[in-house]
Amino acid sequence: MNSEKLLDITLDAISDRHGEATEAYDMRGISILADFYIVTSASSNRQLHALVNSILDKVREYDYHDYRVEGTRDSNWLLVDLGDVVVNIFTEDARDFYGLESLWANGKKLDIPED
């Protein structure tokens, strides 16, 4: 599966579970680690885990199984590494604290249509 398709699937899964203030960055040619980085917020720890489950369920529907999830049950930040797409899911307070978006300032911020 190409990275653009994986990005679209992931953004759909985030939208399905109402990820908030979702941003995506195209880092092709800039980062050797991944083509796209996504950051989104969850209003609660429960929603944080629902977002991860939604992403994993959706990529498995496309027979994609090359992923890792970092973080614990009690974390306020979970990372889903899909290879060419990396997703950071935060509670609102954790996202404000870490401010990861500045790491991708050299990339192209993508327009994500809102539902």
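For the structure itself, consult the block above.
A short tour of the structure in this document, coming up. Just so it is clear, the model here is predicted, and its values are computed rather than measured. (Residues numbered from 1 in each chain as written. Predicted model: local features only at pLDDT ≥ 70, side-chain atom pairs only at ≥ 80, totals over all residues. Heavy atoms only, no water.)

### Some details on helix H2 (residues 45-61)
With 17 residues, H2 should cover 24 Å at 1.5 Å per step; its first-to-last C-alpha distance of 25 Å lies within 8% of that length. Among the residues making up H2, those that are buried are Gln47, Leu48, Leu51, Val52, Ser54, Ile55, Leu56, Lys58 and Val59. Considering only its buried residues, H2 is in contact with helix H1 (3-16), strand S1 (20-26), strand S2 (36-42), strand S3 (68-70), strand S4 (77-81) and strand S5 (85-91). Looking one or two residues past H2, Asp63 carries a phi angle of roughly 60°, positive in sign. (Helix = DSSP H or I, 4+ residues; strand = E, 2+ residues; numbered from the N terminus. Expected span 1.5 Å × (residues − 1). Buried < 20%, exposed > 50% of the residue type's maximum accessible area, 1.4 Å probe, protein only. Contact = heavy atoms within 4.5 Å.)

### What to know about the sheet that holds S3
With mixed pairing, 6 strands are arranged side by side in an open sheet as S3-S4-S5-S2-S1-S6. Taken across any chain shown, the strands that pair with only one partner, and hence form the sheet edges, are S3 and strand S6 (108-109). Inspection of the sheet shows S4 paired to S5 by 5 bridges, in the antiparallel sense. Residue pairing across strands places Trp77 opposite Phe90, the latter belonging to S5. Across the sheet, H1 is in contact with S1, S2 and S5; its angle to S2 comes to roughly 5°. Strand contacts of H2: S1, S2, S3, S4 and S5, with the helix running at about 160° to S5, the strand carrying the most contacts. (Pairing = 2+ DSSP bridges. Axes fitted to C-alpha atoms, helices over the stretch in contact; angles between N-to-C directions.)

### Concerning the nonpolar core
Among the nonpolar cores identified, the biggest contains 24 residues, and Leu82 and Val87 are the most heavily contacted of them. Mapped by element, the contributors of at least two residues to this core are H1, S2, H2, S4 and S5. If we skip the residues at most four places from it in the chain, Val87 touches Thr10, Ile14, Ile38, Ile55, Leu78, Leu79, Val80 and Leu82. In terms of nonpolar packing, the next biggest core, distinct from the first, is built from 10 residues, Val39, Val86, Phe90 and Leu100 among them. (Core = buried A, V, L, I, M, F, W, Y, C linked by side-chain atoms within 4.5 Å.)

### Section: the packing of H1 against H2
Between two packed helices, the angle of one axis relative to the other and the distance separating the axes together describe the packing. Contact geometry for H1 and H2: axes closest at 8 Å, N-to-C directions at 140°. Compared by their axis directions, H1 and H2 come out oblique. Crossing geometry of H1 relative to H2 is assigned as right-handed. Residues Leu6, Ile9, Thr10, Asp12, Ala13, Ile14 and Asp16 of H1 touch H2, and the partners they reach there are Leu51, Ser54, Ile55, Lys58 and Val59. (Parallel < 35°, antiparallel > 145°, perpendicular 65-115°, else oblique. Left-handed = near helix turned anticlockwise from the far one by under 90°.)

That is the geometry; function is a separate question.
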